[in-house]
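The primary structure of each chain is shown beneath.
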Amino acid sequence: MSATTAPGARTQDSGSPGSYAAAVVHDFHAALEIEQVPFTALAADHIRVQIEACGLCHTDIHAAHGDWPVKPQPPFVPGHEGVGHVVELGSAVTEVTLGQRVAIPWLGYACGTCDYCVSGWETLCLQQKNTGYSIDGGFGQFATAYGRYVVAVPDVIDAIDAAPLTCAGVTTYKAVKVAGTRSSDLVAVFGVGGLGHLAIQYAKIAGGRVVAVDLYDDKLALARDLGAEFTVNATERNPAEAIQALGGADQAIALAVSPHSFEQAYGSLRRGGTLVFVALPADNEVRLPIFETVLNGITVVGSIVGTRKDLREVFELHAAGLTRVISETRPLDHVNEAIADVEAGRVAARVVLQP
Ligand SMILES: [Zn+2]
Ligand SMILES: [Zn+2]
């Protein structure tokens with residue numbers, strides 16, 4: 001590693017040779033390849049992290065398939081739930097220390113000075129770089145990151161729990177904040193997967209009563225186990241009608257990658273209700289009625305991940321024992337099978353990959 005260490009960089013021996021294993025996307029229409037990637041010199045504001053665990057998010061699958069209008073540039077390494085120890089510091093890094101455990105979230109970099117960055121909306125920064133998308137992510141034995149944009153992980157949190165919290169956790173935590181959930185509000189959570197199982201818990205922490213909607217009874221059983229008071233199997237009942245029968249949702253959080261589910265979530269709202277868009281279906285169109293939106297005073301709002309502050313709060317809640325993360329671990333070299341299982345709905349909540 002010494003040959004690739006930048007002048008002024010500080011290192012902790014990671015026992016690594018000149019390269020490390022990572023899962024690389026070369027082609028949007030082909031499987032990821034597990035290959036040896038050479039270590040590169042660390043920029044002054046970067047750190048190197050030895051990855052312990054990295055969750056597999058739907059966004060990684062969309063990235064690997066090039067599903068979205070703005071596509072990543074192959075070759076690249078996906079993964080934006082990487083958690084591990086800092087093994088090398090760029091010469092200008094002051095925010096973290098060697099040996100510290102950190103999470104490397106989707107917001108890999110922001111400018112720090114624009115109106116968004118200085119007003120608590122760094123997630124809207126136009127200069128942002130996204131981990132596992134525009135910069136290489138956590139699907140490897142090592143990853144590099146901007147020292148200023150990682151978030152410290154408390155020692156009491158297991159890496160297997162910390163990884164899903166780094167995207168699924170902070171994204172749903174922020175969505176509940178954006179929804180404005182207050183005590184006694186009825187919160188409809190559409191989609192009980194890696195995101196939904198955490199959304200249910202954050203809505204409960206905010207004081208809400210939760211109705212969970214999914215297509216699978218086992219996921220609805222999980223939702224009840226995590227505190228959902230009501231559940232609706234959308235293959236059996238129209239969820240909008242079922243939730244209107246409960247009085248309508250004050251907030252609905254759309255987490256399923258299906259535009260139809262977004263429309264059902266809209267239909268579940270009571271007057272004055274708020275629909276939060278979170279999931280990013282490959283099919284990028286949804287039909288909502290103008291007339292009812294105006295007359296019923298409906299708010300529709302998008303919510304994208306969360307800030308470093310939000311992620312600190314997510315870790316704080318978990319360290320305090322207030323949330324449970326449901327996941328299953330797989331070795332990193334099984335990433336393609338894991339992707340197939342997530343796409344087929346064969347995963348209860350989150351897959352966490354271990355290099
Ligand atoms: Zn994600
Ligand atoms: Zn900015």
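Residues numbered from 1 in each chain as written. Chains lettered and ligands numbered in written order. Predicted model: local features only at pLDDT ≥ 70, side-chain atom pairs only at ≥ 80, totals over all residues. Heavy atoms only, no water.

**A look at the coordination of the zinc ion (ligand 2)**
Moving on, step 1. Within the protein, the zinc ion (ligand 2) binds to Cys-111 (SG), Cys-114 (SG), Cys-117 (SG) and Cys-125 (SG); these donor distances fall in the range 2.3 to 2.4 Å.
Moving on, step 2. Bound by four donor atoms, the zinc ion (ligand 2) shows angles of 104 to 118° at the metal and therefore tetrahedral coordination geometry.
Moving on, step 3. Along the chain, the residues donating to the zinc ion (ligand 2) are arranged with the sequence spacing C-x2-C-x2-C-x7-C. In this pair, Cys-111 sits in the loop between strand E7 (107–109) and strand E8 (129–130) while Cys-125 sits in the loop between E7 and E8, placing the two residues 14 residues apart along the sequence.
Moving on, step 4. Accessibility expressed as a relative area gives 2% for Cys-125, which makes it buried. (Donors = N, O, S within 2.8 Å, 3.2 Å for Na, K, Ca; no water. Tetrahedral: all angles 85-135°; square planar, octahedral: opposite > 155°, others 65-115°. Helix = DSSP H or I, 4+ residues; strand = E, 2+ residues; numbered from the N terminus. Buried < 20%, exposed > 50% of the residue type's maximum accessible area, 1.4 Å probe, protein only.)

**A short note on the coordination of the zinc ion (ligand 1)**
Moving on, step 1. Those donors, Cys-57 (SG), His-80 (NE2) and Cys-167 (SG), are the protein atoms that reach the zinc ion (ligand 1), and they lie 2.0 to 2.2 Å from it.
Moving on, step 2. Take Cys-57: its relative accessible area is 4%, and that puts it in the buried class.
Moving on, step 3. On the accessibility criterion, His-80 (1% relative accessible area) is buried.

**Examining the pattern of salt bridges**
Moving on, step 1. Taken as a whole and assessed by the stated rule, the structure comprises 14 salt bridges.
Moving on, step 2. Where Glu-122 meets Arg-308, a salt bridge forms, and the shortest distance between an N and an O atom there is 2.9 Å. Linking Glu-122 in the loop between E7 and E8 with Arg-308 in helix H8 (residues 308–319), this pair joins segments that are 186 residues apart in sequence.
Moving on, step 3. The shortest N-O distance in the salt bridge between Asp-225 and Arg-324 comes to 3.3 Å. You can see Asp-225 sitting in helix H4 (residues 217–225) and its partner Arg-324 sitting in the loop between H8 and strand E17 (327–331), a full 99 residues away along the chain. (Salt bridge = Lys/Arg side-chain N within 4 Å of Asp/Glu carboxyl O.)

**Details of helix H6 (residues 259–267)**
Moving on, step 1. Those residues of H6 that sit buried are Pro-259, Ser-261, Phe-262, Gln-264, Ala-265 and Tyr-266.
Moving on, step 2. Summarising the contacts, the buried residues of H6 are in contact with strand E11 (186–190), helix H5 (239–244), strand E14 (249–254), strand E15 (269–277) and helix H7 (290–295). (Contact = heavy atoms within 4.5 Å.)

**Structural notes on the layout of surface pockets**
Moving on, step 1. Here the largest pocket defines a volume of roughly 920 Å³.
Moving on, step 2. Lining the largest pocket are 44 residues; nearest its centre among them are His-58, Gly-191, Leu-255, Ala-256 and Val-257.
Moving on, step 3. Secondary structure elements with two or more residues in the lining of the largest pocket: helix H1 (58–65), helix H2 (159–179), strand E12 (209–214), H6, helix H9 (335–343) and strand E18 (350–354).
Moving on, step 4. Classifying every residue of the lining of the largest pocket gives 25 nonpolar, 15 polar and four charged.
Moving on, step 5. Estimates place the volume of the second largest pocket at around 660 Å³.
Moving on, step 6. Taken together, 27 residues line the second largest pocket, and the ones lying closest to its centre are Trp-68, Pro-69, Trp-106, Leu-280 and Ile-304. (1 Å grid on protein atoms, 1.4 Å probe; cavity = no way out; pocket = protein on both sides within 12 Å on 5 of 7 lines; lining within 4 Å. Points joined across faces, edges and corners; volume = space filled by probe spheres on them. Nonpolar A, V, L, I, M, F, W, Y, C, P; charged D, E, K, R; others polar.)

**A closer look at a nonpolar patch on the surface**
Moving on, step 1. Together, Tyr-116, Trp-121, Leu-124, Leu-126 and Ile-304 line one region of the surface with nonpolar side chains, adding up to about 490 Å² of accessible area.
Moving on, step 2. Relative to the assigned elements, Leu-124 resides in the loop between E7 and E8. (Patch = residues over 30% accessible without salt bridge, like charges linked within 9 Å, V, L, I, M, F, W, Y side chains within 5 Å. Areas by Shrake-Rupley, 256 points an atom, 1.4 Å probe, with all protein chains shown as cover.)

**Brief notes about the side chain of His-80**
Moving on, step 1. Examined against the element boundaries, His-80 turns out to sit in the loop between H1 and strand E5 (82–89).
Moving on, step 2. Reaching out from His-80, the side chain makes a polar contact with the side chain of Asp-60 at a distance of 3.1 Å.
Moving on, step 3. With residues up to four places along the chain from it excluded, the contact list for His-80 reads Cys-54, Cys-57, Thr-59, Asp-60, Ile-104, Pro-105, Trp-106, Thr-131, Thr-166 and Cys-167. (Polar contact = N/O pair within 3.5 Å; in protein donor to acceptor, adjacent residues only side chain to side chain.)

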